Amino acid sequence: MSDTQSAPPKSPQIKKESRAYFAALGKRVTQLRKSRGMTQAELARALGVSQQAVFAYEIGDRRISVLVLERLARLFRLNIDQFLGFAPEPVRKRRLSPRAMRHAERLQALSKTQQRFVVRIIDVLEEHNKNSRKTSSSSQVRN
């Protein structure tokens, strides 16, 4: 090859050996996303990627970077081993109180769009509380 010719660009396609792995990982992402009642667009926003990227992850057409993998695990409140299926997911043994059960029944009576809206509000409140705890604990350290 001469100096004026450049090497052909590398294809973003995944090799056949890796395709099965990323297809299985994509199915896991789909399963976790649906179990949490999320759309691809909601997951994309939470990860900071496009909805098309989430679609490509889920069908195994795009590699999931380590950084995105970490974000996914944190988002679904799993460690990496649990996310990848190497360790069992934690079993939630707590039962809902009668009041929480009534709220859950009321939530189920809403449309899917309304349910997602309520869940998003809860997510925002949890994030706010988490950030408030971080701020208060760091100010206590300084005092």
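Residues numbered from 1 in each chain as written. Predicted model: local features only at pLDDT ≥ 70, side-chain atom pairs only at ≥ 80, totals over all residues. Heavy atoms only, no water.

## Focus on helix H1 (residues 16-35)
So, step 1. Here H1 spans 29 Å end to end across 20 residues, near enough to the 28 Å set by a 1.5 Å rise per residue.
So, step 2. For H1, the set of buried residues is Phe22, Leu25, Gly26, Arg28, Val29, Thr30, Leu32 and Arg33.
So, step 3. In the core, the buried residues of H1 are packed alongside helix H2 (40-47), helix H3 (51-59), helix H4 (66-75) and helix H5 (80-84).
So, step 4. In the stretch just after H1, Gly37 is the one whose phi turns positive, near 70 degrees. (Helix = DSSP H or I, 4+ residues; strand = E, 2+ residues; numbered from the N terminus. Expected span 1.5 Å × (residues − 1). Buried < 20%, exposed > 50% of the residue type's maximum accessible area, 1.4 Å probe, protein only. Contact = heavy atoms within 4.5 Å.)

## A look at the nonpolar core
So, step 1. Residues Leu43, Ile64, Leu72, Phe76 and Phe83 are the most contacted members of the largest nonpolar core, which totals 19 residues.
So, step 2. If you list the elements that add at least two residues to this core, you get H1, H2, H3 and H4.
So, step 3. When residues no more than four places from it in sequence are discounted, the contact partners of Leu72 are Val29, Leu43, Leu47, Ile64 and Phe83. (Core = buried A, V, L, I, M, F, W, Y, C linked by side-chain atoms within 4.5 Å.)

## Quick notes on the confidence of the model for the protein
So, step 1. Mean pLDDT over the protein stands at 82; residues scoring 70 or higher make up 82%.
So, step 2. The least confident element of the protein is helix H7 (residues 112-142), whose mean pLDDT is 80; the most confident is H3, at 95. (pLDDT = per-residue confidence, 0-100.)

## Notes on the side chain of Arg28
So, step 1. Take Arg28: it is sitting in helix H1.
So, step 2. Among the polar contacts made by the side chain of Arg28, one reaches the side chain of Gln31 at a distance of 2.7 Å.
So, step 3. In this structure the side chain of Arg28 is engaged in a polar contact, spanning 2.8 Å, whose partner is the backbone oxygen of Phe83.
So, step 4. Setting aside residues up to four positions removed in sequence, Arg28 forms contacts with Leu78, Gln82, Phe83, Gly85 and Glu89. (Polar contact = N/O pair within 3.5 Å; in protein donor to acceptor, adjacent residues only side chain to side chain.)

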